[in-house]
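Residue strings, one per chain:
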Amino acid sequence: MVECLQEKVRKEKSKAVFSDVQEDFCSVKKILSRFEEWRECYSESYHNAYISLCLPKLLNPIIRHQLLAGDFENLPWFTAVETFCHGHGHEELEHTDRQTLSSVIERTVVPKMTAYVELVWDPMSHQQSVCLTDVCHSLKEDYSVFEGEHSKPVKAFTEALVRRLRSCVDEDVFIPLYPKKFLEEASSPQRHFRDQQFWTAVKLLGNMGKWDLLLPESVLKELMLEKLLNRYLMTTLCSQTLSNNAVYACKKIADGLPPSWFKGESTCLPQLHNFRNHIVQKVHAICKQQPPTDPNTRAAVVDLLKVLSTIRCHDSIMAIAEKYHYEDAIYSHQLLNPETA
């Protein structure tokens, strides 16, 4: 309730920011109408003045003020700038102002997102991460933000993202190491806490994977594979104390990895060799406990073969299939051609 009242007071105060500004100069639409008239009547003079480079800075105060209200695509300034850049009916016009909308977004919306990342965003939160990555992917696809050489605001945003993710992995992830006697008892508080921390780290891995195609691949592989997977998650997986959740854990880890890393690949990434070896050992352990022909055994092994298929460990799949006679599963589940499955 207090937060709602504070938000209401903040919005009321924000209305007074432009109270002393002439009406023609406190509206993005009215300001752009002056430039549009200039562009239509004196085109050469307009372009010689490099107006497209000046507009983002000129409109910045008004747009940042309107951003207090919420979703930028539903705000008046966005419609005004979009119409100015692309014309009525959104037809593509041959002039330098076509990039102005992207520049305005980079100068106004992206800095606000940077502040959100630095002050609010929790990388552990699935909901926050989904919302933030969805916005970024939309900005990339619809307005070419994050494409090509990055502007200063975009660089500042990506740097803030990497710092926050790195800090989260280095400082917030904690999976305790307990003596095995405490972990063998499924109801022990040590086991419960260890499992809780493990699944939180698995969720973080999936959240980080959503930044694929937005952040440098080398950075994501370092944070997700070299640090989070190999430093933390593999320790718990190899402890053999996840009981019946071990197969499910492998599936969830593989699901969190970006598909683009494996597209067109036929060999396993070096950073995933430990994960691959663990899965292969798990298959052998399952088949040793029960006959490979047992329906429960077969279901578990096929699930693990699918994980190996996801991370492109084709040699391991063939070796397991030959040893335990699962050749039919390879073809029925298209394990060697997962992209067509």
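Computed from a predicted structure; not experimentally measured.

Engineer: Is there a simple way to think about the overall build of the chain in this case?
Structural biologist: Looking only at helices and strands, the chain features 16 helices and 0 strands. Split by element, the accessible area of the chain, about 18,900 Å² in all, is 52% carbon and sulfur.

Engineer: Just to check I follow, could you spell out the environment of Ile 317 for this structure?
Structural biologist: Position of Ile 317 among the secondary structure elements: in helix H15 (residues 314-324). Between the C-alpha atoms of Ile 317 and Val 302, which are 15 residues apart in sequence, the distance is 9.9 Å. For Ile 317, the residues in contact, after removing those within four places along its chain, are Leu 305, Leu 308, Ser 309, Ile 330, Leu 335 and Leu 336.

Engineer: Please explain the packing of aromatic side chains as it appears in this structure.
Structural biologist: How two aromatic rings sit relative to each other is given by the distance of their centres and the angle of their planes. Taken as a whole and judged by the stated rule, the model has 5 aromatic pairs. A ring pair is formed by Phe 146 and Phe 157, whose centres lie 5.9 Å apart and whose planes are at 50°; its orientation type is tilted. Taken together, the residues Phe 146 in the loop between helix H7 (126-143) and helix H8 (152-172) and Phe 157 in helix H8 connect sequence positions 11 residues apart. Relative accessible area serves as the criterion here: at 9%, Phe 146 is assigned to the buried category. Ring geometry for Phe 198 and Trp 199: centres 5.2 Å apart, planes at 80°, overall edge-to-face. With a relative accessible area of 0%, Phe 198 lands in the buried category. Note that Lys 221 overlies the ring of Trp 261, its terminal NZ or CZ placed 5.6 Å from the centroid.

Engineer: In this structure, what is going on with the pattern of salt bridges? I would like to understand it.
Structural biologist: Opposite charge on two side chains allows them to pair when their charged atoms are near. Applying the stated rule across the entire model yields 10 salt bridges. Two residues, Asp 172 and Arg 164, come together in a salt bridge whose shortest N-O distance is 3.9 Å. The partner of Arg 194 in a salt bridge is Asp 195, and the shortest N-O contact between them spans 2.8 Å. Overall, Arg 194 belongs to the buried group, its relative accessible area being 2%. Residue classification places Asp 195 among the buried positions, given a relative accessible area of 16%. Through salt bridges with shared partners, a single ionic network connects Arg 166, Asp 170, Glu 222, Lys 227 and Arg 231.

Engineer: Help me out: how do you make sense of the packing of helix H10 (residues 189-209) against helix H11 (residues 217-237) in this one?
Structural biologist: Between two packed helices, both the angle of their axes relative to each other and the distance between the axes serve to describe the pair. Packing of H10 against H11 brings their axes to within 11 Å, and their N-to-C directions diverge by 160°. In terms of their interaxial angle, H10 and H11 are classed as roughly antiparallel. H11 is crossed by H10, and the crossing has left-handed handedness. Along its contact with H10, which presents Arg 194, Phe 198, Ala 201, Val 202, Leu 204, Leu 205, Met 208 and Gly 209, the element H11 presents Leu 220, Leu 223, Met 224, Leu 228, Leu 233, Thr 236 and Leu 237.

Engineer: Is there a simple way to explain unusual backbone geometry in this structure?
Structural biologist: With the exception of glycine, most residues fall at negative phi, and the peptide bonds are largely trans. Positive phi, close to 65°, is recorded for Arg 312, a residue that is not glycine. Note that Arg 312 resides in the loop between helix H14 (295-310) and H15.

Engineer: What is the right way to read the packing of helix H13 (residues 273-289) against H14 from this model?
Structural biologist: The contact between H13 and H14 brings their axes to 10 Å, and the two run at 170°. The angle between H13 and H14 falls in the class roughly antiparallel. Every pair of crossing elements has a handedness; the one defined by H13 and H14 is left-handed. Residues Phe 275, Arg 276, Ile 279, Val 280, Lys 282, Val 283, Ile 286 and Cys 287 of H13 lie in contact with H14, whose contacting residues are Thr 297, Ala 300, Val 301, Leu 304, Val 307 and Leu 308. Partitioning the contact of H13 with H14 into residue classes produces 11 nonpolar, 1 polar and 2 charged.

Engineer: What am I meant to see in the nonpolar core here?
Structural biologist: Considering soluble globular proteins, one finds that nonpolar side chains tend to be buried as a cluster. In terms of nonpolar packing, the biggest core is built from 94 residues, with Trp 211, Leu 233, Leu 237, Leu 257, Leu 272 and Phe 275 touching the most fellow members. Ranked by the residues each element gives to this core, the list is headed by H11, at 11 residues. Here this core spans two domains, and each of domain 1 (121-243) and domain 2 (246-254 + 261-340) adds at least three residues to it. Those residues within four positions of Leu 272 in sequence are excluded, and the remaining contacts are Leu 225, Leu 229, Leu 257, Phe 262 and Ile 311.

Engineer: Even after reading the chapter, I still don't get H7, so can you show me in this structure?
Structural biologist: Structurally, the α-helix is built with 3.6 residues per turn, so residues lying three or four positions apart point the same way. Given a rise of 1.5 Å per residue, 18 residues ought to cover 26 Å, and the 25 Å separating the end C-alpha atoms of H7 matches this to within 8%. Inspection of H7 places Ser 129, Leu 132, Thr 133, Cys 136, Leu 139, Lys 140 and Tyr 143 among the buried residues, and these make up the whole buried set. The buried residues of H7 all sit within an arc of 140° when viewed along its axis, so they share a single face. Along H7, exposed side chains directed more than 90 degrees from the buried face belong to Gln 127, Glu 141 and Asp 142. With a side-chain oxygen lying 3.2 Å from the backbone nitrogen of Gln 128, the N-terminal cap of H7 falls on Ser 125.

Engineer: Looking at this structure, I do not really get the side chain of Thr 114. What am I missing?
Structural biologist: Considering the arrangement of structural elements, one finds Thr 114 in helix H6 (residues 100-119). For Thr 114, a relative accessible area of 9% gives the class buried.

Thresholds, definitions, all that
Residues numbered from 1 in each chain as written. Predicted model: local features only at pLDDT ≥ 70, side-chain atom pairs only at ≥ 80, totals over all residues. Heavy atoms only, no water. Helix = DSSP H or I, 4+ residues; strand = E, 2+ residues; numbered from the N terminus. Areas by Shrake-Rupley, 256 points an atom, 1.4 Å probe, with all protein chains shown as cover. Contact = heavy atoms within 4.5 Å. Phe/Tyr/Trp six-rings, centres within 6.5 Å; stacked < 30°, edge-to-face > 60°. Buried < 20%, exposed > 50% of the residue type's maximum accessible area, 1.4 Å probe, protein only. Lys NZ or Arg CZ within 6 Å of the ring centre and 35° of its normal. Salt bridge = Lys/Arg side-chain N within 4 Å of Asp/Glu carboxyl O. Axes fitted to C-alpha atoms, helices over the stretch in contact; angles between N-to-C directions. Parallel < 35°, antiparallel > 145°, perpendicular 65-115°, else oblique. Left-handed = near helix turned anticlockwise from the far one by under 90°. Nonpolar A, V, L, I, M, F, W, Y, C, P; charged D, E, K, R; others polar. Core = buried A, V, L, I, M, F, W, Y, C linked by side-chain atoms within 4.5 Å. Domains from an automatic or database assignment. Expected span 1.5 Å × (residues − 1). Arc of directions from axis to C-beta. Polar contact = N/O pair within 3.5 Å; in protein donor to acceptor, adjacent residues only side chain to side chain.

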